[in-house]
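# Remarks on the overall topology
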Amino acid sequence: MQRRFVSIWFRQLLADWQLIRRPELAAVPFVFAAPDHGRMMITAVSPLAFGSGVEAGMRAADAKAICPGLEVLDDKPERARNLLRRLGEWCVRYSPIVAIDEFGMDGLLLDVSGCTHLWGGEREYLKEIFSRLKYKGYTVRVAIADTPGAAWAVSHYGKVTPLIPAGGQSEALLGLVPEALRLEQPVLVRLRKLGFYQIKSFVAMPRSVLRRRFGGDFLLRLGQALGSEAEALVPLQVPVPFSERLPCMEPIRTRTGIEIAITNMLESLCKRMQTEGKGLRTGVLTSHRIDGKVVQIAIGTSGATHSVSHLFKLFQLKIDQIRPGLGIELFVLDAPKVDPVEVPQEEMWTLRPGMDDQSVIRLLDTVAGKIGPQVIHRYLPATCYWPERAVLQARSVTEKPASRWRMEKPRPTELLKRPDPIEVMALIPDHPPAFFIYMGVRHQVVKADGPERIEREWWLDSGEHRDYYQVEDDQGRRYWLFRSGHYNGDQKYKWFIHGFFA
Amino acid sequence: MDAKKEIVIKLQQDILLWQGFKPQAGARAERVGLGEIEQVFPGGVFPKRAIHEFITVLPEDSAASDGFIAGLLAVLMEDGAACVWVGTSRRLFPASLSSFNVEPERIIFMDVQTEKEALWVTEEALKCQGLAAVVSELNNLSLIESRRLQLVVEESGVTSFILRKDAGKAASTVATARWKISPLPTGTADGMPGLGFPRWQVELLKVRNGKPGSFVLEWAGEGFQEVSDYAAVKKLASGMVWAEHEGRQIG
């Protein structure tokens with residue numbers, strides 16, 4: 001298909017925006033200025049100020065001298081980009097692919113391939129964009145061509161016609177100034193010095209000569225304008241490949257209505273995903289209310305799935321969060337993240353349960369949807385002797401342990417999160433305690449095993465080593481105690497309880 | 001003699017039926033490695049489609065119950081199925097489960113904030129047929145809640161273990177079996193110093209259609225082993241059954 005691009009150049013983007021907000025400024029010359037190296041530099045100029053000779057790049061003080069009564073307004077960085085993003089989002093009505101012009105930061109580039117006939121042709125299409133933006137208060141120049149580069153050039157510097165027919169970008173560019181190629185300032189200065197005032201004076205020169213004199217970037221820009229080099233636009237809104245829309249004849253206000261809407265959208269979405277072998281990982285339901293507000297709920301799954309009943313159950317848990325207000329007129333269901341799904345062969349007789357069992361995955365999704373994914377833990381062995389670091393959180397349901405579980409040394413069935421200090425009577429130097437007092441109860445130690453010394457990992461933290469003892473009291477209850485470091489008298493608590501054995 | 005025995009067995013089965021006990025449909029007489037203890041359950045089969053309740057008041061008791069349950073899980077999870085462990089203040093150390101022949105990575109822990117969430121997760125997990133068992137640490141469980149869980153268990157066939165911390169309302173649930181596991185002094189061969197295998201006083205306070213009793217068990221590395229020559233067995237069995245000790249009627 002023939003690619004067509006539209007360039008929209010906002011001639012005075014910030015000035016127009018300010019005039020829309022404050023119409024009383026129409027009679028006053030004003031500029032935007034931002035601090036730069038300790039002085040105020042002008043970044044944008046209103047038409048009235050421009051008429052008095054004020055230009056962007058001047059110092060604000062100089063401009064005030066040229067143009068008495070000049071109003072200097074503060075400029076904020078990124079203001080132009082934010083403004084362009086909002087205008088770009090509005091322009092999505094003309095084409096799904098809208099990008100900000102990163103070179104000049106004062107225009108938009110639209111990929112309009114296959115869009116213009118909806119407005120009855122390219123001329124009507126451009127007229128529509130121009131008049132709509134003019135009605136909003138923006139002065140724009142538009143152009144349409146086969147390449148974004150050519151459209152940009154014609155919109156900024158073209159004098160003949162904004163409509164460049166298919167394949168006509170070379171002729172259209174010939175008479176334009178080199179600035180139309182989106183070149184850096186040093187290259188432009190060199191071109192002017194050599195007497196190249198129009199593109200036609202150098203476009204026929206051998207590429208190797210041009211590269212030697214002006215660099216590779218110059219050739220890239222030239223190629224992008226002529227169409228020999230591809231130029232990718234970065235769209236403002238990345239289109240979601242799996243998306244469903246459901247406009248409603250009457251505003252939806254009830255839970256039943258929302259449930260029916262979700263089921264309908266899920267059915268068609270899952271059917272599409274099934275034929276393409278994909279499964280949903282994250283889903284976002286956007287509800288557009290008639291008062292203009294937008295409500296969103298999102299779900300996530302542990303494994304890719306295209307089962308309507310399961311996904312519906314996950315959404316059902318969150319329907320409470322949708323406030324329909326006066327009613328919802330449009331539902332949009334997006335699947336921003338999809339993964340390939342293996343369609344399991346139906347097994348009738350063999351039942352092989354395991355971690356990746358479908359019902360287990362569903363359970364995890366349900367819990368993560370209702371309470372949150374942070375409550376679900378699974379542990380894998382870590383290559384670490386320090387008890388607090390002996391287990392590792394698994395990242396996914398199917399992750400397999402990298403090392404085996406250590407079983408050489410006994411470990412308590414219950415481990416305290418923080419070791420509790422205890423009072424102990426023990427023989428020096430390394431005998432197990434004769435008795436210990438924990439929570440006010442005295443435990444007479446009858447049997448003991450140990451010590452097992454565990455050193456701290458000095459590259460992770462500093463402190464004393466621990467000597468662990470496994471002890472059993474006269475009632476048969478078993479504990480895991482440790483002495484922290486050697487006896488040297490400067491530490492208040494030496495002994496701690498760290499766990500209970502079965 | 002044989003004829004008499006047959007009649008007695010037949011009568012026992014009939015009595016079970018009259019008492020309202022339904023043999024589990026399609027259930028094979030699987031062993032869970034508890035040895036003699038399994039004989040006290042109706043039909044001599046450990047009920048898998050049931051709620052097993054463990055009374056744990058002291059942290060030492062709960063550690064012993066954890067160990068005992070882990071030993072049962074080793075058999076229940078033999079086919080590769082996963083297990084869910086629900087609780088609000090879990091202290092179980094996953095690494096220790098490997099000494100009870102359980103692969104700790106096959107246990108999914110759900111550490112929720114409130115008792116209500118723990119109950120909800122328990123019910124959802126019990127509905128999930130791909131699981132072998134669900135262990136829940138709850139502070140209290142009312143009759144209505146336990147009945148609700150029982151209905152789910154009967155539907156799905158997942159074994160439910162409930163660790164309860166409140167001993168006060170012990171009689172008011174529909175659990176099939178109520179256990180109390182308390183640690184006992186270990187024994188070593190020939191009086192060697194040090195600690196032996198973990199040993200417990202296993203008290204079955206209540207078994208529906210079965211005979212409650214008290215046993216001494218230890219986990220002998222590979223499986224449960226009944227300790228017959230334990231000196232205090234008799235004394236404990238006769239005098240110190242926990243329920244009587246507390247002077248309470250167990251339903």
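What counts, and at which threshold
- Residues numbered from 1 in each chain as written.
- Chains lettered and ligands numbered in written order.
- Predicted model: local features only at pLDDT ≥ 70, side-chain atom pairs only at ≥ 80, totals over all residues.
- Helix = DSSP H or I, 4+ residues; strand = E, 2+ residues; numbered from the N terminus.
- Buried ≥ 20, exposed ≤ 12 C-beta atoms within 10 Å, placed from the backbone.
- Contact = placed C-beta atoms within 7 Å.
- Core = buried A, V, L, I, M, F, W, Y, C linked by C-beta atoms within 7 Å.
- Pairing = 2+ DSSP bridges.
- Axes fitted to C-alpha atoms, helices over the stretch in contact; angles between N-to-C directions.
- Parallel < 35°, antiparallel > 145°, perpendicular 65-115°, else oblique.
- Nonpolar A, V, L, I, M, F, W, Y, C, P; charged D, E, K, R; others polar.
- Expected span 1.5 Å × (residues − 1).
- Arc of directions from axis to C-beta.
- pLDDT = per-residue confidence, 0-100.

A count of helical and extended segments in chain B gives six helices and nine strands. Relative to its full complement of 251 residues, chain B shows a buried share of 42%. Counted over contacts in chain B with a minimum sequence separation of 6, partners at least 24 positions apart contribute 70%.

Once that is clear, we can look at the overall build of chain A. A tally of helices and strands in chain A yields 13 helices and 21 strands. Classification of the 502 residues of chain A by burial places 34% in the buried group. Restricting to contacts in chain A with at least 6 residues of sequence separation, those with at least 24 account for 55%.

Now for the nonpolar core. One recurring pattern in soluble globular proteins is that nonpolar side chains are buried together. Counting residues in hydrophobic clusters, the biggest one holds 96 residues, and the most contacted among them are Leu 481 of chain A together with Leu 73, Cys 83, Leu 131 and Ala 133 of chain B. Element by element, the count of residues in this core is highest for helix 2 (residues 59-76) of chain B, at nine residues. Excluding its chain neighbours within four sequence positions, the residues that come into contact with Ala 133 of chain B are Leu 73, Leu 76, Cys 83, Val 158, Thr 159 and Phe 161 of chain B. Ranked by size, the runner-up nonpolar core spans 60 residues in total, among them Ala 49, Leu 70, Leu 108 and Val 142 of chain A.

If you look at the interface, chain A gives 42 residues, while chain B gives 42 residues. For the side of chain A that touches chain B, the secondary structure elements donating two or more residues are helix 13 (358-370), strand 12 (376-377), strand 13 (379-381), strand 15 (414-421), strand 18 (441-454), strand 19 (466-473) and strand 21 (495-500) of chain A. Per-element tally for the side of chain A that touches chain B: the top contributor is helix 13 of chain A, with five residues. By the bridge criterion, two bridges tie strand 12 of chain A to strand 3 (residues 107-111) of chain B in an arrangement that is antiparallel. The residue of strand 3 of chain B that forms the bridge with Ile 376 of chain A is Met 110 of chain B.

Residues and elements named next belong to chain B. Of note, Gln 19 is situated in the loop between helix 1 (2-18) and strand 1 (51-55). Among the residues examined, Gln 19 registers 10 C-beta atoms within 10 Å and is labelled exposed. Gln 19 sits 189 residues away from Arg 208 along the chain, and the two C-alpha atoms are 9.7 Å apart.

This part is about the sheet that holds strand 6 (residues 107-111) of chain A. Residue and element names in this part refer to chain A. Sheet architecture is open: four strands sit in the order 5-6-1-7, paired in antiparallel fashion. Pairing within the sheet leaves two strands with one partner each, and these edge strands are strand 5 (97-100) and strand 7 (140-145). Across the sheet, the mean angle separating the axes of adjacent strands is 20° when strand polarity is ignored. Pairing of strand 5 with strand 6 involves four bridges; the strand directions are antiparallel. The residue of strand 6 that forms the bridge with Ile 97 is Asp 111.

So, about the sheet that holds strand 3 (residues 39-45) of chain A. Residues and elements named next belong to chain A. One open sheet accounts for three strands, arranged 3-2-4; its pairing is mixed. Across the chains shown, the open sheet's two edge strands, defined by having one partner strand only, are strand 3 and strand 4 (71-74). On average, adjacent strands in this sheet sit at an angle of 45° to one another, irrespective of strand direction. Pairing analysis gives six bridges linking strand 2 (residues 30-36) to strand 3, with the strands arranged antiparallel. Counted as the bridge partner of Phe 32 is Ala 44 from strand 3.

Now for the environment of Val 75 of chain B. All names here are of chain B. Note that Val 75 resides in helix 2. The class of Val 75 is partly exposed, set by 19 C-beta atoms lying within 10 Å. In contact with Val 75, not counting residues within four places along its chain, are Val 32 and Gly 33.

Another point: the packing of helix 6 (residues 148-157) of chain A against helix 10 (residues 216-226) of chain A. Residue and element names in this part refer to chain A. As a packed pair, helix 6 and helix 10 sit with axes 5 Å apart at the nearest point and diverge in direction by 90°. Classified by the angle their axes make, helix 6 and helix 10 are roughly perpendicular. Facing helix 6, whose interface residues are Gly 149, Ala 150 and Ala 153, helix 10 presents Arg 221, Gln 224 and Ala 225. Partitioned by chemical class, the residues of the contact of helix 6 with helix 10 number three nonpolar, two polar and one charged.

This part takes up helix 3 (residues 115-126) of chain B. Between its first and last C-alpha atoms helix 3 of chain B spans 16 Å; for twelve residues at 1.5 Å apiece the expected length is 16 Å, and the two agree. Those residues of helix 3 of chain B not exposed but buried are Ala 118, Val 121, Thr 122, Ala 125 and Leu 126 of chain B. For helix 3 of chain B, the buried positions fall inside an angular range of 130° around the axis, keeping them on one side. Among the structural elements, helix 13 of chain A together with strand 2 (82-87), strand 3, strand 4 (131-138), helix 4 (143-156) and strand 5 (159-164) of chain B are those in contact with the buried residues of helix 3 of chain B.

This part takes up the packing of helix 1 (residues 13-21) of chain A against helix 4 (residues 79-90) of chain A. If you want to describe how two helices pack, look at the angle between their axes and the distance between the axes. Residues and elements named next belong to chain A. Where helix 1 meets helix 4, the closest approach of the two axes is 10 Å, and the angle between their N-to-C directions is 70°. What the angle tells us is that helix 1 and helix 4 run roughly perpendicular. On the side of helix 1, the interface is formed by Leu 13, Leu 14 and Trp 17, while helix 4 contributes Arg 79, Ala 80 and Leu 83.

Quick look at unusual backbone geometry now. Residue and element names in this part refer to chain A. Even without a glycine there, the phi angle at His 37 is positive, about 55°. Positive phi, close to 70°, is recorded for Glu 78, a residue that is not glycine. Within the fold, Glu 78 resides in the loop between strand 4 and helix 4. Among the residues examined, Glu 78 registers 9 C-beta atoms within 10 Å and is labelled exposed.

The next point concerns the pairing of strand 2 of chain B. All names here are of chain B. Here strand 2 lies mainly inside the structure; five of its six residues are buried. Looking at chain direction, strand 2 and strand 4 are connected through five bridges and run parallel. When the sheet's bridge partners are listed, Val 86 is paired in strand 4 with Ser 136. Relative to strand 3, strand 2 runs parallel, the two being bridged by five bridges.

All right, on to the confidence of the model for chain A then. In the predicted model, chain A carries a mean pLDDT of 87, and 96% of its residues have values of at least 70. For chain A, per-element mean pLDDT is lowest for helix 13 of chain A, which scores 85, and highest for strand 1 (residues 5-10) of chain A, which scores 93.

On to the environment of Leu 226 of chain A, then. Residue and element names in this part refer to chain A. Positionally, Leu 226 belongs in helix 10. For Leu 226 and Gly 167, which are 59 residues apart along the polypeptide, the C-alpha to C-alpha distance reads 9.1 Å. Leave out the neighbours within four places in its chain, and Leu 226 touches Gln 169 and Ser 170.

Residue and element names in this part refer to chain A. An ideal rise of 1.5 Å per residue puts 16 Å on twelve residues; helix 4 measures up with 17 Å between its terminal C-alpha atoms. Buried within helix 4 are the following residues: Ala 80, Leu 84, Leu 87 and Gly 88. Down the axis, helix 4 shows its buried residues gathered within 105° of arc, on one side only. Opposite the buried face of helix 4, at more than 90 degrees from it, the exposed residues are Asn 82, Arg 86 and Glu 89. Where helix 4 is buried, its residues meet helix 1, strand 5 and strand 6.

Moving on: the confidence of the model for chain B. Residues and elements named next belong to chain B. Averaged over every residue, the pLDDT of chain B is 81; the share at 70 or more is 84%. Least confident of the elements in chain B is helix 6 (residues 242-245), whose mean pLDDT is 41; most confident is helix 3, at 93. This stretch, residues 232-251, has a pLDDT under 50; its non-local contacts, to residues over four places away or in other chains, come to 20 contacts. Interface scoring of the predicted complex returns ipTM 0.82; its pTM is 0.64.

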